[in-house]
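Next come the chains, spelled out residue by residue.
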Amino acid sequence: MSGTAAAAANLDTVIRERRTTRRFLPDKPVPRELLDESLELAMRAPSNSNIQPWRLFLATGARRMRLGEALLRRATSGFPATAGIPESFAVLRQQLGAVVYGAMGVARDDAEGRRIAQLRNFDFFGAPMAGAVCMHRDLGHADGVAVGMFLQTLLLALTERGLATCVQVSVAHFPDVLREHLDIPDELRVLCGLGIGYADPNFPANQLRIPRNPVSANVVFLDD
Ligand SMILES: Cc1cc2nc3c(=O)[nH]c(=O)nc-3n(C[C@H](O)[C@H](O)[C@H](O)COP(=O)(O)O)c2cc1C
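Just so it is clear, the model here is predicted, and its values are computed rather than measured.

1. A few points about the site of the ligand
- Contacts to the ligand come from 13 residues, most closely from Thr20, Arg22, Asn121, Val169 and Ser170.
- Contacts to the ligand include Val169, whose backbone N or O atom sits 2.9 Å from a nitrogen atom.
- Across the complex, the protein chains shield 69% of the 620 Å² of accessible surface that the ligand would expose by itself.

Rendered as structure tokens:
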């Protein structure tokens, strides 16, 4: 295999290997050099006029624990189940919920079991490193695209290094808590949360392969 083909095969594997982790090993920290390498790669993401709009705040140790405790305290008195998903997309969320909660052993009609499982979002599913992905308030949709490109590149680089990740919009429902505990300045908008760590290999929901649409459902070719 040529060098390029080997690299491509590796990229394919990493893309397929990345998945959302919903239980981390809380006592196995993220090695700083692996994080630094991954961040250097993610910084290569493209952006409009190269403004590099992504801003990331990551906490470990006591700060990380205080953040999780504060979010959990707030979420215990209520959090939105749908996180702003429009009605026309709700069916996909239900399908995902059936698969994920099924793998967690929570029955379809077990409302309290689901609530408890959902609450684990607010402790970043036990990730030893947790934080928020932000962008300047004055920036728009195209810049949000660039933040997404940064984030996916980061997830892939971390995956390649054996680390696991969870992107979380759920925690962004409490931006004030994230701001306070992560020292996020006012001019930044909180887009989502991020947990990083090592996956618990004994948690069945961590093995899930969530299906995707056929390409034809999402891509239109025109040639006339
Ligand atoms: C912007 C964004 C927000 C997400 N928010 C959450 C979340 O709050 N909680 C959660 O458990 N998963 C969350 N996810 C993970 C998705 O559910 C997951 O990516 C999707 O179901 C596909 O599964 P996979 O990542 O394992 O391939 C989020 C993913 C993205 C990209």
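That was the structure; now back to the text.
2. Overview of the environment of Cys166
- Checked against the element boundaries, Cys166 lands in strand E3 (residues 164–168).
- Cys166 sits 99 residues away from Leu67 along the chain, and the two C-alpha atoms are 16 Å apart.
- Beyond its immediate stretch of four places on either side in the chain, Cys166 contacts Thr20, Thr21, Phe24, Phe125, Gly193, Leu194 and Gly195.

3. Some thoughts on the pairing of E3
- Counted residue by residue, E3 has four buried out of five residues, so it is predominantly covered.
- Judged from the five bridges that link them, E3 and strand E4 (residues 188–197) form a sheet pairing that is antiparallel. By the bridge assignment, Thr165 is partnered in E4 with Ile196.

4. Section: helix H3 (residues 61–76)
- Taking 1.5 Å per residue as the helical rise, H3 with its 16 residues ought to reach 22 Å, and the 23 Å between its terminal C-alpha atoms agrees with that figure.
- Considered for burial, the residues of H3 that qualify are Arg64, Leu67, Gly68, Ala70, Leu71 and Ala75. Take H3 and look down its axis: the buried residues cluster within an arc of 165 degrees, on one side only. Set apart from the buried face of H3 by more than 90 degrees, the exposed residues are Ala62 and Arg73.
- Elements that come into contact with the buried residues of H3 comprise strand E1 (55–59), helix H5 (111–119), strand E2 (129–136) and helix H7 (175–182).
- Following H3 by one or two positions, Gly78 has its phi on the positive side, about 130 degrees.

5. A word on the packing of helix H2 (residues 32–42) against helix H6 (residues 141–160)
- Direction vectors running N to C along H2 and H6 enclose 145 degrees, while the axes themselves pass 8 Å from each other. Remark: the crossing between H2 and H6 carries right-handed chirality. Residues Leu34, Leu35, Ser38, Leu39, Leu41 and Ala42 of H2 form the contact with H6, whose participating residues are Phe150, Thr153, Leu154, Ala157 and Leu158.
- Here the residues of the contact of H2 with H6 sort into nine nonpolar, two polar and no charged.

Criteria and cut-off values
Residues numbered from 1 in each chain as written. Predicted model: local features only at pLDDT ≥ 70, side-chain atom pairs only at ≥ 80, totals over all residues. Heavy atoms only, no water. Near = heavy atom within 4 Å. Polar contact = N/O pair within 3.5 Å; in protein donor to acceptor, adjacent residues only side chain to side chain. Areas by Shrake-Rupley, 256 points an atom, 1.4 Å probe, with all protein chains shown as cover. Helix = DSSP H or I, 4+ residues; strand = E, 2+ residues; numbered from the N terminus. Contact = heavy atoms within 4.5 Å. Buried < 20%, exposed > 50% of the residue type's maximum accessible area, 1.4 Å probe, protein only. Pairing = 2+ DSSP bridges. Expected span 1.5 Å × (residues − 1). Arc of directions from axis to C-beta. Axes fitted to C-alpha atoms, helices over the stretch in contact; angles between N-to-C directions. Left-handed = near helix turned anticlockwise from the far one by under 90°. Nonpolar A, V, L, I, M, F, W, Y, C, P; charged D, E, K, R; others polar.

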